[in-house]
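Okay, here's what each chain looks like letter by letter:
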Amino acid sequence: MIELKEIIAGLFIFSGCFFIIVASIGIVRFPDFYTRVHPAGKADTMGQILILTGLIVYEGLSLISIKLFFIICFILIVNPTATHALVKSAYLSGLKPWTRKKEND
Amino acid sequence: MFDTALLLLILSSFLVIYRALKGPRVFDRVLAINFIGTKAVIILALIGFSYERPHFLDIALLYALINFVATIAFLKYRATGKLG
Amino acid sequence: MRFLLISLILFSFWFLLSGETNPILISSGIISSLFITYLSGDLLISEGKVRKNVHLYIKFLRYIPYLIYEIIIANIDVVYRVLHPKMPIDPVIVKFNSELETDFCIVTYANSITLTPGTVTIDVGKKRDFIVHSLTSKYAESLLTRDMEKKIKEIENV
């Protein structure tokens, strides 16, 4: 007998896995560094938060879910910051962005 | 449930290893390594639930901290040439 | 006073992470939180800035639901663009000036741009000039209408 709690947690966890797999496909597929940052910065953060929320739902209210909540807060602050640091240092080192027009010439 | 999610996450990490090996610029490699590091946090948390040993969460929290510091330290080293 | 407040925050954080009630471990937790406050307390809360910014943090809570809505839209958009066989992207770089004043609001705006659809902040200069990378020119235009900046401007106005 599967409880309702486990079904909701499973939904959260597997939708998070879907976002993360899409993010990794995007990193492999997109043409240059600046466009690769988009899936890595957005879909990745969303997937991690969904998975950890699913674990909180599975666990209920306890010391473990407080720890998971700390990890979520940390990821929300850190992931955009790391993305921003990466893009900024690439921009300062003079990396030119890819555009659609160059490909057609 | 947790084991299937673990397998999916490991699969996505292997997809990104392709980018880390092939990436034309060094930033592509750092992006891929940062991605794999954040996946490692989630994998550690899921392992803790799968084997019912919640102490793995402490390792996950610590790994999240270290992964961020490693990325920033690498970028700073590349921008300025020193870590001080 | 500030010293005691910071060490109390650190000690409660330690207690939430460890969950120990053994007196020896609790005393060691108290000693280590006092020691860390002595070493690096200035980094956590710098003097005289907290009371000035309290109203900003309270108003920021009203901004969060809008941000969550934008994040969900952004993710569906990224998934669509990654999985579409032709990859409908046409990247452009936009530069514009912002009218925000406080540091807190500028950081919030930059991070919100990164989390909302199709745009990533590259750099914020000292004169509040933003450089933004956008996946299509449509998103760049929607950024220049400054809807989000108005929302953050509401946080700033007392």
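Residues numbered from 1 in each chain as written. Chains lettered and ligands numbered in written order. Predicted model: local features only at pLDDT ≥ 70, side-chain atom pairs only at ≥ 80, totals over all residues. Heavy atoms only, no water.

Undergrad: Quick question: what am I supposed to make of the packing of helix α2 (residues 33-41) of chain A against helix α3 (residues 43-59) of chain A here?
TA: Packed helices, taken two at a time, are described by the angle their axes make and the gap between the axes. All names here are of chain A. For the pair α2 and α3, the least separation of the axes is 4 Å and the interaxial angle reads 15°. Classified by the angle their axes make, α2 and α3 are roughly parallel. Of α3, the residues touching α2 (which contributes His 38, Pro 39, Ala 40 and Gly 41) are Ala 43, Asp 44 and Thr 45. A breakdown of the residues in the contact of α2 with α3 according to their chemical character gives three nonpolar, three polar and one charged. (Axes fitted to C-alpha atoms, helices over the stretch in contact; angles between N-to-C directions. Helix = DSSP H or I, 4+ residues; strand = E, 2+ residues; numbered from the N terminus. Parallel < 35°, antiparallel > 145°, perpendicular 65-115°, else oblique. Contact = heavy atoms within 4.5 Å. Nonpolar A, V, L, I, M, F, W, Y, C, P; charged D, E, K, R; others polar.)

Undergrad: Can you walk me through unusual backbone geometry in this structure?
TA: Most peptide bonds take the trans configuration, and most residues that are not glycine carry a negative phi. For B:Glu52, which is not glycine, the phi dihedral falls at a positive 55°. Judged by its relative accessible area of 68%, B:Glu52 is exposed. (Buried < 20%, exposed > 50% of the residue type's maximum accessible area, 1.4 Å probe, protein only.)

Undergrad: Is there a simple way to explain the environment of C:Asn111 in this structure?
TA: Here C:Asn111 shows up in helix α4 (residues 103-115). Considered as a pair, C:Asn111 and C:Phe35 are 76 residues apart in the sequence and their alpha carbons are 33 Å apart.

Undergrad: Got a minute to help me understand the sheet that holds strand β3 (residues 129-134) of chain C in this structure?
TA: Neighbouring strands of a sheet are bound in pairs by backbone hydrogen bonds; such pairs are parallel or else antiparallel. Strand order in the open sheet formed by three strands is β1-β3-β2 (chain C), and the pairing between neighbours is antiparallel. The sheet is open, and its two borders are formed by β1 (92-97) and β2 (119-124) of chain C, each paired with just one other strand. The mean angle between the axes of side-by-side strands here comes to 25°, regardless of whether they run parallel or antiparallel. Pairing of β1(C) with β3(C), which is carried by six bridges, proceeds in the antiparallel orientation. Residue pairing across strands places C:Ile93 opposite C:His133, the latter belonging to β3(C). Relative to β2(C), α2(A) is tilted by about 115°, and along the sheet it contacts β2 and β3 of chain C. (Pairing = 2+ DSSP bridges.)

Undergrad: Quick question: what am I supposed to make of the pattern of salt bridges here?
TA: Any two side chains of opposite charge can pair, so long as their charged atoms come close to each other. Applying the stated criterion across every chain yields a total of four salt bridges over all chains. The partner of B:Lys39 in a salt bridge is A:Asp44, with the nearest N and O atoms 2.7 Å apart. Of this pair, B:Lys39 sits in helix α2 (residues 26-50) while A:Asp44 sits in helix α3, on two different chains. The pair formed by B:Lys39 and A:Asp44 is uniform in burial state, with each residue classed as buried. A salt bridge links C:Arg81 to C:Asp77, with the shortest nitrogen-to-oxygen separation between them at 3.4 Å. Of this pair, C:Arg81 and C:Asp77 both sit in helix α3 (residues 50-83), four residues apart, which is roughly one turn of that helix. Both residues of the pair, C:Arg81 and C:Asp77, belong to the buried class. (Salt bridge = Lys/Arg side-chain N within 4 Å of Asp/Glu carboxyl O.)

Undergrad: Can you walk me through the side chain of B:Asp28 in this structure?
TA: Looking at where B:Asp28 falls in the secondary structure, it is placed in helix α2. Discounting chain neighbours no more than four positions away, the residues touching B:Asp28 are A:Phe33, A:Arg36, B:Arg19 and B:Gly23.

Undergrad: So what exactly am I meant to see when it comes to the packing of aromatic side chains here?
TA: Aromatic ring pairs are described here by two measures, namely the spacing of the ring centres and the angle between the planes. In the structure shown here, the tally under the stated rule is eight aromatic pairs over all chains. Between A:Phe33 and B:Phe27, the ring centres sit 5.8 Å apart and the planes meet at 50°, which makes this aromatic pair tilted. Residue A:Phe33 is found in helix α2, and its partner B:Phe27 is found in helix α2; the two belong to separate chains. Each ring, one from A:Tyr58 and one from B:Phe49, has its centre 6.1 Å from the other, and the planes form 70°; the classification is edge-to-face. Within this pair, whereas A:Tyr58 is found in helix α3, its partner B:Phe49 is found in helix α2, the two belonging to separate chains. (Phe/Tyr/Trp six-rings, centres within 6.5 Å; stacked < 30°, edge-to-face > 60°.)

Note that every value here comes from positions in space, so none of it alone points to a role or purpose.
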